[in-house]
Amino acid sequence: MFLYNITLQRATGITHAIHGNFSGTKMQEIVVSRGKILELLRPDANTGKVHTLLTMEVFGIIRSLMAFRLTGGTKDYIVVGSDSGRIVILEYHPSKNQFEKVHQETFGKSGCRRIVPGQFLAVDPKGRAVMIGAIEKQKLVYILNRDAAARLTISSPLEAHKANTLVYHVVGVDVGFENPMFACLEMDYEEADNDPTGEAAANTQQTLTFYELDLGLNHVVRKYSEALEEHGNFLITVPGGSDGPSGVLICSENYITYKNFGDQPDIRCPIPRRRNDLDDPERGMIFVCSATHKTKSMFFFLAQTEQGDIFKVTLETDEEMVTEIRLKYFDTIPVATAMCVLKTGFLFVASEFGNHYLYQIAHLGDDDEEPEFSSAMPLEEGDTFFFQPRPLKNLVLVDEQENLSPIMSCQIADLANEDTPQLYVSCGRGPRSTLRVLRHGLEVSEMAVSELPGNPNAVWTVRRHVEDEFDAYIIVSFVNATLVLSIGETVEEVTDSGFLGTTPTLSCSLLGEDALVQVYPDGIRHIRADKRVNEWKTPGKKTIVRCAVNQRQVVIALTGGELVYFEMDPSGQLNEYTERKEMSADVVCMSLANVPPGEQRSRFLAVGLVDNTVRIISLDPSDCLQPLSMQALPAQPESLCIVEMGGVEKQDEIGDKGTIGFLYLNIGLQNGVLLRTVLDPVTGDLSDTRTRYLGSRPVKLFRVRMQGQEAVLAMSSRSWLSYSYQSRFHLTPLSYETLEYASGFASEQCPEGIVAISTNTLRILALEKLGAVFNQVAFPLQYTPRRFVIHPETNNLILIETDHNAYTETTKAQRKQQMAEEMVEAAGEDERELAAEMAAAFLNENLPEAIFGAPKAGAGQWASLVRLVNPIQGSTLDQVQLEQNEAAFSVAVCRFPNTGDDWYVLVGVARDMILNPRSVGGGFIYTYRLTAGGEKLEFVHKVGLITGNVVMKCFLLGKKEQHFFTVIFSFILDLK
């Protein structure tokens with residue numbers, strides 16, 4: 001039985017990425033698939049930050065993904081191939097912020113099967129047809145068109161099956177407006193299957209086959225098939241019609257080849273190799289990923305090798321015949337599963353392992369001194385070109401998306417003593433591996449921290465004019481004074497703002513279009529734009545204890561529970577309502593919603609009383625200050641906040657866009673509980689109350705803006721953010737120290753920030769990764785982490801890292817030294833000095849392996865180390881490098897009865913291990929003593945085992961066997 005499920009943390013690894021204009025505007029967007037999730041990303045052209053617009057669970061496995069656009073259209077559709085046995089076409093609706101199924105055609109059984117299409121998708125570049133193919137035999141072609149109402153239509157499937165044929169890749173060939181054509185890399189295995197000697201299998205060749213969709217006859221034919229010399233791994237479509245010469249580029253081992261119909265000869269160019277590479281020289285090189293960029297005047301391809309090197313590939317043509325392929329080293333980035341070149345000048349890289357990146361293409365690499373390699377350059381068969389890798393030159397990193405894939409090991413523990421446990425996750429592969437610490441909560445970016453002359457008790461931000469994009473002042477209230485700070489390139493104190501500085505402030509706000517209002521214990525100060533000030537003083541000995549303000553209304557509560565209501569008239573004057581309202585108990589908190597667009601006032605006032613109730617009071621002129629509804633509370637309210645959340649975009653009759661959401665009353669109680677209640681926008685009734693315990697302190701609530709919508713910041717012993725994201729409500733803690741008061745903050749550097757106070761400091765914070773459940777810190781590792789254990793006394797982690805096909809640092813240094821000596825020996829007498837300089841430069845060169853990759857040593861070569869890590873600082877306290885070809889697979893930390901209080905680390909190691917066919921040259925158990933307070937590993941001894949199999953099963957020991965395990969090792973230690 002399989003249940004539908006939604007995980008707490010969404011998958012972070014990307015399997016496919018496509019780009020286009022999915023929202024129908026000129027904006028460039030990216031759609032990525034994360035296993036069973038479709039996600040729409042939009043890079044901000046100004047800041048370079050990647051924003052997630054929509055995440056959708058498909059409850060299936062996405063096997064392929066393509067974008068297409070109908071001829072003459074302005075919007076891209078998404079074609080999804082999955083394990084559902086259906087082809088699905090999706091359209092993104094920006095107004096609803098959701099993908100809608102335009103078509104869903106069933107063609108086969110569900111599941112990832114060999115002969116059921118879904119693994120491969122290819123689209124005709126003019127958007128007239130799509131081919132969906134299986135790994136074997138079946139290929140279906142659907143014709144795409146428009147009906148009279150300009151809606152997308154899809155035809156019945158046309159078969160292009162061929163039995164006993166394996167498919168490696170499928171692309172749509174750009175033939176302009178001629179019959180749509182698809183190119184397939186195929187292999188016919190019929191002869192090999194029927195030949196028991198194996199000769200036919202050894203001689204089987206891959207073929208490049210072209211399938212043509214005849215739009216007149218409405219069927220698919222195999223137009224042309226050609227055997228290939230090298231085994232290809234993927235195809236790249238070359239622009240055709242009026243944009244280019246058409247045809248395909250075949251990427252194969254060590255070569256890239258251009259092929260097309262007619263008289264066009266094959267053009268073949270070797271893939272350049274790194275100069276002085278430590279890799280096995282016999283090892284082939286392939287391209288693994290590519291991206292195409294096409295404008296009206298030119299096109300080029302970016303193709304990435306399995307080492308991460310990107311080459312810019314261009315084609316030279318003469319009267320529509322391709323004469324040569326040119327390759328130029330572009331830059332080196334981590335190996336990708338997909339790359340997208342956007343029209344806005346960005347390169348999106350979905351990494352195979354580790355974080356995903358967004359780069360700005362700063363230069364196209366046309367005018368640099370990098371050598372250009374051409375297929376026209378004479379070379380002996382088997383020879384290739386060489387280039388020197390270097391740090392980034394044409395690309396600039398602008399954003400990064402965290403990726404945990406693949407998680408190798410995970411443990412949950414509160415090693416940092418934070419009350420809430422952390423997740424310790426070892427993830428990644430090779431030199432890009434990391435140890436990550438995940439904490440439940442939103443990541444907070446600290447933009448600025450400044451000390452204040454005392455301990456403030458409140459902070460607000462106000463704008464000068466309603467049309468202003470950014471805030472003008474930060475107002476900080478102290479016990480007996482108010483400080484006004486002006487926001488510019490720097491934040492500095494001002495005295496001419498019109499605010500009264502000799503008194504604490506209860507609240508302040510922008511009033512009307514360009515006036516300010518300050519509420520303080522003795523009155524209300526209305527500051528006009530021309531600095532004229534109107535004051536309203538409290539009657540007699542009464543003072544203002546609580547207040548609520550918005551853009552047009554002010555409500556104050558005087559001592560004794562008396563409510564006074566003010567509203568702004570059209571002339572900009574603040575007028576007191578003729579009657580006042582006596583409440584039945586003292587007022588402890590109040591809240592007004594923002595004035596809805598196009599309206600004069602907010603209709604409801606929420607008042608929290610000392611008798612554990614919340615009252616909703618009408619501010620409508622017809623029944624002003626009349627009670628509408630009441631809710632009893634389990635404890636005394638501390639603060640209230642009315643917000644409009646969960647809005648959907650609507651357009652009114654005039655054409656003005658706005659969001660229509662639901663009104664929610666958030667109630668923070670003194671016992672640390674947050675209540676969220678739906679407030680009926682017509683009657684003012686309260687219903688559907690949700691409860692959440694936030695912390696041990698009374699809950700204070702503040703209205704802020706997140707992604708253009710209202711959100712609530714709730715502060716208790718920990719701060720939480722309640723917000724609507726992708727049509728779902730989130731209530732997430734902030735991974736930050738305790739805050740006391742906050743307000744929304746908008747400046748050029750931080751358009752949606754928060755200004756907050758903590759003790760005697762003023763902090764400007766930004767929350768960028770909305771929707772994330774965890775925030776993480778990552779610490780780099782050297783090899784792939786296999787397992788780790790926690791030392792119970794010091795809480796340090798002991799990791800074992802092991803990589804196949806890798807060198808240890810010692811072997812790497814020896815191999816470099818050997819190559820440097822060979823360089824000098826190979827040089828003639830007159831070149832000896834130059835060769836010595838080159839050898840010295842080669843020995844000093846140290847490119848970071850996390851970007852440039854580790855050298856591949858060959859099969860059966862292993863590198864391993866044992867690392868002792870402080871998980872709080874992420875620092876490596878000690879590490880032990882094992883010898884070449886020793887692979888650590890298991891680790892345990894334990895005590896032995898006869899060795900006192902000492903802790904030991906036991907590491908199971910296999911020597912000279914071959915993966916296929918499986919064999920082991922021997923096994924050892926290394927024993928290390930933890931010394932220096934658990935911060936050093938001291939080698940005790942290694943025990944050889946008769947067979948390597950024991951070492952592989954070392955980690956399978958459960959608690960029951962641990963006693964037996966300890967007895968065995970006590971016995972070994974006694975023998976020693």
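Residues numbered from 1 in each chain as written. Predicted model: local features only at pLDDT ≥ 70, side-chain atom pairs only at ≥ 80, totals over all residues. Heavy atoms only, no water.

## Regarding the overall build of the protein
Along its length, the protein carries seven helices and 73 strands. Projected onto the principal axes, the alpha-carbon positions of the protein cover approximately 105 × 85 × 65 Å. Looking at the protein as a whole, 53% of its 976 residues qualify as buried. Long-range contacts, defined as pairs at least 24 residues apart, comprise 52% of the intrachain contacts of the protein with a sequence gap of at least 6. Looking at the protein as shown, the accessible area adds up to about 44200 Å², and 50% of this sits on carbon and sulfur atoms. (Helix = DSSP H or I, 4+ residues; strand = E, 2+ residues; numbered from the N terminus. Buried < 20%, exposed > 50% of the residue type's maximum accessible area, 1.4 Å probe, protein only. Contact = heavy atoms within 4.5 Å. Areas by Shrake-Rupley, 256 points an atom, 1.4 Å probe, with all protein chains shown as cover.)

## With respect to the UniProt feature "domain: RSE1/DDB1/CPSF1 first beta-propeller" (unreviewed entry) in the protein
As annotated by UniProt and renumbered to match this structure, "domain: RSE1/DDB1/CPSF1 first beta-propeller" (unreviewed entry) occupies residues 14–400. Split by type, residues 14–400 is 3% helix and 52% strand. Its first and last C-alpha atoms lie 13 Å apart. (UniProt positions renumbered as here; feature names shortened; annotations may be inferred.)

## Focus: the pattern of salt bridges
Two side chains of opposite charge can pair, provided their charged atoms sit close to one another. What the rule picks out here adds up to 53 salt bridges. Its salt-bridge partner being Glu-306, residue Arg-283 comes within 3.4 Å of it at the nearest N-O pair. Remark: Glu-306 occurs in the loop between β24 (299–305) and β25 (309–318) and Arg-283 occurs in the loop between β22 (273–274) and β23 (287–294); sequence separation between them is 23 residues. (Salt bridge = Lys/Arg side-chain N within 4 Å of Asp/Glu carboxyl O.)

## Points about unusual backbone geometry
With an omega dihedral of -5°, the bond running from Ser-405 to Pro-406 counts as a cis peptide bond. Assignment of secondary structure puts Pro-406 in the loop between β32 (395–401) and β33 (407–413). For the bond from Asn-916 to Pro-917, the omega torsion is -5°, close enough to zero to count as cis. Position of Pro-917 relative to the elements: it lies in the loop between β71 (904–911) and β72 (922–931). Phi is positive for Glu-320, which is not a glycine, with a value near 65°. Structurally, Glu-320 is set in the loop between β25 and β26 (321–332). Judged by relative accessible area, Glu-320 falls into the exposed class, the value being 66%. The backbone of Gln-707 shows a phi angle near 50°, a positive value even though the residue is not glycine. Relative to the assigned elements, Gln-707 resides in the loop between β58 (700–706) and β59 (709–715).

## Some details on helix α3 (residues 809–826)
Taking 1.5 Å as the rise per residue, α3 with 18 residues should run 26 Å; its terminal C-alpha atoms sit 26 Å apart, in good agreement. Looking only at α3, the buried set comprises Thr-811, Lys-812, Lys-816, Met-819, Ala-820 and Met-823. Lining the buried residues of α3 we find α4 (832–844) and α5 (849–852). (Expected span 1.5 Å × (residues − 1).)

## Concerning the sheet that holds strand β35 (residues 434–440)
Overall, antiparallel pairing links the four strands, which are arranged β33-β34-β35-β65 in an open sheet. One side of each edge strand has no neighbouring strand; the edge strands of this open sheet are β33 and β65 (774–780). Strand-to-strand twist in this sheet, taken as the mean axis angle between neighbours without regard to direction, amounts to 20°. Across six bridges, the pairing between β33 and strand β34 (residues 422–427) is antiparallel. Paired with Ala-413 across the strands is Gln-422, a residue of β34. (Pairing = 2+ DSSP bridges. Axes fitted to C-alpha atoms, helices over the stretch in contact; angles between N-to-C directions.)

## Observations regarding the pairing of strand β50 (residues 587–592)
For β50, the buried fraction is high: six of the six residues fall into the buried class. Here five bridges tie β50 to strand β51 (residues 604–609), and the two strands are oriented antiparallel to one another. Each residue of the ladder has a partner; that of Val-587, found in β51, is Leu-609.

## A closer look at the side chain of Ser-591
One can find Ser-591 in strand β50. Separated by 3.0 Å, the side chain of Ser-591 and the backbone nitrogen of Ile-642 make a polar contact. Aside from chain neighbours lying at most four places away, what touches Ser-591 is Ala-548, Phe-604, Leu-605, Ala-606, Leu-640, Cys-641, Ile-642 and Arg-703. (Polar contact = N/O pair within 3.5 Å; in protein donor to acceptor, adjacent residues only side chain to side chain.)

## Side note on the sheet that holds β59
Pairing is antiparallel across the open sheet formed by four strands, whose spatial order is β58-β59-β60-β61. Of all the strands in the sheet, just β58 and β61 (728–733) have a single pairing partner and so form its edges. Going across the sheet, the axis of each strand differs from the next one's by a mean of 25°, ignoring polarity. Alignment of strand β60 (residues 719–725) against β61, held across six bridges, turns out to be antiparallel.

## Examining the packing of aromatic side chains
In total, this model carries 24 aromatic pairs according to the counting rule given. Ring plane angle 80° and centroid distance 5.1 Å describe the contact between Trp-536 and Phe-566, whose orientation is recorded as edge-to-face. One end of the pair, Trp-536, is in strand β44 (residues 533–537); the other, Phe-566, is in strand β47 (residues 562–568), with 30 residues separating them in the sequence. The same class applies to Trp-536 as to Phe-566, namely buried. (Phe/Tyr/Trp six-rings, centres within 6.5 Å; stacked < 30°, edge-to-face > 60°.)

## Points about the environment of Asp-147
Note on placement: Asp-147 falls in the loop between β11 (139–146) and β12 (152–154). For Asp-147, a relative accessible area of 27% translates into the label partly exposed. For the pair formed by Asp-147 and His-804, sequence separation is 657 residues and the distance between their alpha carbons is 56 Å. Within the structure, the side chain of Asp-147 is placed 3.0 Å from the backbone nitrogen of Ala-149, a separation counted as a polar contact.

## A word on the packing of α3 against α4
At a minimum axis separation of 8 Å, α3 and α4 run at an interaxial angle of 165°. The angle between the axes of α3 and α4 places the two elements in the roughly antiparallel class. Crossing angle aside, the handedness with which α3 passes α4 is right-handed. Here α3 contributes Lys-816, Gln-817, Met-819, Ala-820, Met-823, Val-824 and Glu-825 to the contact with α4, which in turn contributes Arg-832, Ala-835, Ala-836, Met-838, Ala-839, Phe-842 and Leu-843. Considering only residue class, the contact of α3 with α4 consists of ten nonpolar, one polar and three charged. (Parallel < 35°, antiparallel > 145°, perpendicular 65-115°, else oblique. Left-handed = near helix turned anticlockwise from the far one by under 90°. Nonpolar A, V, L, I, M, F, W, Y, C, P; charged D, E, K, R; others polar.)

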